[in-house]
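Here are the chains, one letter per residue:
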Amino acid sequence: QEQLVESGGGLVQAGDSLRLSCAASGRTFKNYAIGWYRQAPEKEREFLAAVSWSGGTTYYDESVKGRFTISRDVAKDTVYLQMNNLKPEDTAVYYCSAGSTIAQLEEYWGQGTQVTVSS
């Protein structure tokens, strides 16, 4: 099955850091742009960050700019989201997605990984 697999979520305290991973499974996503999104309970899914297929271009939502960093290891076909200085409002299910361009990131989705930040 062609899919993206997220990992790295967990329960942390405010101020801690986490690194989420988004790995390819069943096919390669090396030529795809990858995005990270999150969805908190009773809220809509929101865009966080994206990286081009080469890793040379990145975009961030203003809400996480300076705290979150997206990167990719092309050789490992894996994209990371480094999250620093986590806050309780960062609690959500985090998803990665893939698309043929950085403007079209919703062709493939992972199953999500839970991040819970306690105060």
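## Quick word on the overall build of the protein
For step 1, the next point in the chain: Secondary structure assignment for the protein yields 0 helices and 11 strands.
For step 2, the next point in the chain: Listed N to C, the secondary structure of the protein is β-β-β-β-β-β-β-β-β-β-β in terms of helices and strands.
For step 3, the next point in the chain: For 119 residues, the compact-globule estimate of 2.2 N^0.38 gives 14 Å, and the C-alpha radius of gyration of the protein, at 13 Å, lies within 12% of that figure.
For step 4, the next point in the chain: Taken over 119 residues, the protein has a buried fraction of 39%.
For step 5, the next point in the chain: At a minimum sequence separation of 6, the contacts of the protein that also span at least 24 residues come to 56%.
For step 6, the next point in the chain: Total accessible area on the protein stands at roughly 6200 Å², and carbon and sulfur atoms take up 45% of it.
For step 7, the next point in the chain: One way to put it: in the protein the 11 positive side-chain charges average out to a point 5 Å from where the 14 negative ones average out.

## Some details on the state of the cysteines
For step 1, the next point in the chain: Under the counting rule described, the total for this entry stands at 1 disulfide.
For step 2, the next point in the chain: The disulfide that involves C22 links it to C96, with 2.1 Å between the sulfurs. Taking the sign of the S-S torsion, about 75 degrees here, the bridge from C22 to C96 comes out right-handed. Here C22 is found in strand β3 (residues 18-25), whereas its partner C96 is found in strand β9 (residues 92-99), with 74 residues between them in sequence.

## A closer look at the sheet that holds strand β1 (residues 3-7)
For step 1, the next point in the chain: What the 4 strands build is an open sheet, ordered β1-β3-β8-β7; its pairing is antiparallel. The sheet is open, and its two borders are formed by β1 and β7 (68-73), each paired with just one other strand. Direction aside, the axes of adjacent strands within the sheet are offset by 20 degrees on average.
For step 2, the next point in the chain: Pairing of β1 with β3, which is carried by 5 bridges, proceeds in the antiparallel orientation. Bridging across to β3, S7 finds its partner in S21.

The rules behind these values
Residues numbered from 1 in each chain as written. Predicted model: local features only at pLDDT ≥ 70, side-chain atom pairs only at ≥ 80, totals over all residues. Heavy atoms only, no water. Helix = DSSP H or I, 4+ residues; strand = E, 2+ residues; numbered from the N terminus. Rg over C-alpha atoms; globule rule 2.2 N^0.38 Å. Buried < 20%, exposed > 50% of the residue type's maximum accessible area, 1.4 Å probe, protein only. Contact = heavy atoms within 4.5 Å. Areas by Shrake-Rupley, 256 points an atom, 1.4 Å probe, with all protein chains shown as cover. Lys, Arg positive; Asp, Glu negative; His and termini not counted. Charge placed at Lys NZ, Arg CZ, Asp CG, Glu CD. Disulfide = S-S within 2.5 Å. Pairing = 2+ DSSP bridges. Axes fitted to C-alpha atoms, helices over the stretch in contact; angles between N-to-C directions.

By themselves, these are just geometric observations and shouldn't be taken as functional.
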